[in-house]
Amino acid sequence: MYKQKTKETDSSVIEYIENVDNPKKREDAYELLNVFTETTGYEAKMWGPSIIGFGTYHYKYESGHEGDAPLVGFSPRKAKISLYFATGDKKREELLQAFGKHTSGKACVYINKVADINIDVLKELINQSVKFLRDTYPDNEI
């Protein structure tokens, strides 16, 4: 049976950010913390050892796999900053066209620094992701 690896923890978000080695990446993490907090209205929580998440939803796939995840989040990793938005949302791809310098995978959008992106588009991506997940998994906030 699948055991979810990334779970919400009681670790300190501020302590995690303070331990980011690169000073510029640390500064960007604080800026993202402010943008995500103000945009979502949710308190930041650590998910696993390195993801800063906002809000929570419960998902259940047709396969029976289910678990809890943050609605949106980010992680100031060594190589790039990972941004976590809902997958499967066509609106996400439209918004990313005006986002600025980034690369993206299935689940993550990667940026080098906050200065490379459009903060207004970031706020739209955050809001759209939350809306998409609320519509996809109604009445599932925990």
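Thresholds, definitions, all that
Residues numbered from 1 in each chain as written. Predicted model: local features only at pLDDT ≥ 70, side-chain atom pairs only at ≥ 80, totals over all residues. Heavy atoms only, no water. Helix = DSSP H or I, 4+ residues; strand = E, 2+ residues; numbered from the N terminus. Buried < 20%, exposed > 50% of the residue type's maximum accessible area, 1.4 Å probe, protein only. Contact = heavy atoms within 4.5 Å. Phe/Tyr/Trp six-rings, centres within 6.5 Å; stacked < 30°, edge-to-face > 60°. Core = buried A, V, L, I, M, F, W, Y, C linked by side-chain atoms within 4.5 Å. Pairing = 2+ DSSP bridges.

As annotated in an unreviewed UniProt entry, the chain carries the name DUF1801 domain-containing protein and is attributed to Peribacillus castrilensis.

In this fold, Gln128 is placed in helix H4 (residues 119-136). According to the relative accessible area criterion, Gln128 is buried, its value standing at 17%. Beyond its immediate chain neighbours, meaning those up to four positions away, Gln128 contacts Asp89, Lys91 and Leu95.

So, about the packing of aromatic side chains. Taken as a whole, this structure holds 5 aromatic pairs when the rule is applied. Geometrically, the ring pair formed by Phe36 and Phe74 is tilted, given 5.3 Å between the ring centres and 40° between the ring planes. Here the residue Phe36 occupies a position in helix H2 (residues 23-40), and Phe74 occupies one in strand E5 (residues 72-76), the gap between them amounting to 38 residues. A relative accessible area of 0% places Phe74 in the buried class. Residues Tyr57 and Tyr59 carry aromatic rings whose centres are separated by 6.1 Å and whose planes lie at 55° to one another, so their mutual orientation is tilted.

A few words on the nonpolar core. By size, the foremost hydrophobic cluster in this structure holds 37 residues, and its most contacted members are Phe36, Ile52, Phe74, Leu83, Phe85, Phe99 and Leu122. No other element matches H4, which puts 7 residues into this core. Contact partners of Leu83, with chain neighbours within four places excluded, come to Leu32, Phe36, Gly73, Phe74, Phe99, Ala107, Cys108, Val109, Ile111 and Leu122.

In this section: the side chain of Asp89. Structurally, Asp89 can be placed in the loop between strand E6 (81-84) and helix H3 (90-96). Setting aside anything within four residues of it in sequence, one finds Asp89 in contact with Gln128 and Phe132.

Now for the pairing of E5. Extensive coverage of E5 is indicated by the burial of 5 of its 5 residues. On E5, burial covers both faces: Val72, Phe74 and Pro76 on one face and Gly73 and Ser75 on the other are all buried. Pairing geometry for strand E2 (residues 51-54) and E5, over 3 bridges, is antiparallel. Bridging across to E5, Phe54 finds its partner in Val72. Judged from the 4 bridges that link them, E5 and E6 form a sheet pairing that is antiparallel.

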